[in-house]
Structures are given as structure tokens and as C-alpha cells.
Amino acid sequence: QVQLVESGGGLVQAGGSLRLSCAASGAISSISFMGWYRQIPGKEREAVATITDDGTTFYVDSVMGRFTISRDNAKNTLFLQMNSLKPEDTAVYCCSAIARRRAYWGQGTQVNVSA
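Quick summary incoming for the structure in this document. Bear in mind the structure is a predicted one, so any value in this text is a computation, not a measurement.

1. Considering the packing of aromatic side chains
All told, the structure shown has one aromatic pair when counted by the stated rule. Pairing tyrosine 37 with tryptophan 105 gives two aromatic rings, centres 4.9 Å apart and planes at 65°, and the pair type is edge-to-face. Within this pair, whereas tyrosine 37 is found in strand β4 (residues 31-39), its partner tryptophan 105 is found in strand β10 (residues 102-105), the two being separated by 68 residues in sequence. A relative accessible area of 16% places tyrosine 37 in the buried class. Of the residues examined, tryptophan 105 reaches a relative accessible area of 35% and is grouped as partly exposed. Cation over ring: arginine 19 sits above phenylalanine 79, and NZ or CZ is 3.9 Å from the ring centre. Above the face of the tryptophan 105 ring, arginine 45 is positioned so that its terminal group lies 3.9 Å from the ring centre.

2. Looking at the nonpolar core
In this structure, Leu4, Met34, Trp36, Leu80, Met82 and Tyr93 are the most contacted members of the largest nonpolar core, which totals 31 residues. Looking at this core, the elements with two or more residues in it are β1 (2-7), β3 (18-26), β4, β5 (46-52), β7 (67-71), β8 (77-82), β9 (91-99) and β11 (109-114). Ranked by residue count, the leading element in this core is β9, at five residues.

3. Remarks on the state of the cysteines
Taken as a whole and judged by the stated rule, the model has one disulfide. The disulfide that involves cysteine 22 links it to cysteine 95, with 2.1 Å between the sulfurs. In this structure the cystine formed by cysteine 22 and cysteine 95 twists about its S-S bond by roughly -75°; its chirality is therefore left-handed. Of this pair, cysteine 22 sits in strand β3 while cysteine 95 sits in strand β9, and the two are 73 residues apart along the sequence. Neither residue differs from the other here; cysteine 22 and cysteine 95 are each classed as buried. Cysteine 94 takes part in no disulfide bond, and the closest cysteine sulfur to it belongs to cysteine 95, at a distance of 8.6 Å. Taking relative accessible area as the criterion, cysteine 94 reaches 13% and is therefore assigned buried.

Parameters and conventions
Residues numbered from 1 in each chain as written. Predicted model: local features only at pLDDT ≥ 70, side-chain atom pairs only at ≥ 80, totals over all residues. Heavy atoms only, no water. Phe/Tyr/Trp six-rings, centres within 6.5 Å; stacked < 30°, edge-to-face > 60°. Helix = DSSP H or I, 4+ residues; strand = E, 2+ residues; numbered from the N terminus. Buried < 20%, exposed > 50% of the residue type's maximum accessible area, 1.4 Å probe, protein only. Lys NZ or Arg CZ within 6 Å of the ring centre and 35° of its normal. Core = buried A, V, L, I, M, F, W, Y, C linked by side-chain atoms within 4.5 Å. Disulfide = S-S within 2.5 Å.

So far we have only geometry, and geometry alone does not tell us how the molecule works.
The following block contains the structure:
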């Protein structure tokens, strides 16, 4: 079992920055993949940024060059540095981890970007 708790969301003006954190606990040594996803009302959940166990990263086109995913060496905290935020980045951001072929999700943290 893996537990994930996100933090760092909030309200920011367009052009501003936020840093999201995802604290993982439980069987963290078995985690092979982690990522940030967002849910915008009326739209499907989308993968924003992901990172594999060997450090390979993926970013959705809309955040390329603005967001950076990273994790600490012990793999117990995942980060998402979000710069140059836009109103269309407003969403609930969730952290996810895959461990032993099972997906785990956090509760999410709300990010609101005002124009």
C-alpha cells in the first residue's frame, strides 16, 4: 500500500508560480512511476507531468517549458514546480504512483489562477 498526500495548491495571479508537493508513505521502495494529473471541470483528467524510476520525464505540450517535475532521492516526495501560470491551468492537481502494477492516487490540491 502507498499513501499520497498533496500540498501547495492555492490562488495565484497569472504569471505567478506555485510548487506542489506529494508526500508518499507506505511501500515507497516499490514505486516505479509517479506523476501529476489534473482535472478540469467538464474535461477528462489529463497527465500533466510524469517521471519514471530511471528519471525519464514526460510533459503535456501545454505545460512544456513552464512546469518541472522532480522527486527526492528517497522517492518519498514528488514535486511539481509551476511557473508562468495561466488561467487555463486552474484545476485540481492529483499525485499518482504505480507500485507493483497498482495505481495509487492522492486526494488532490486545488490550483486557481486568476487573470
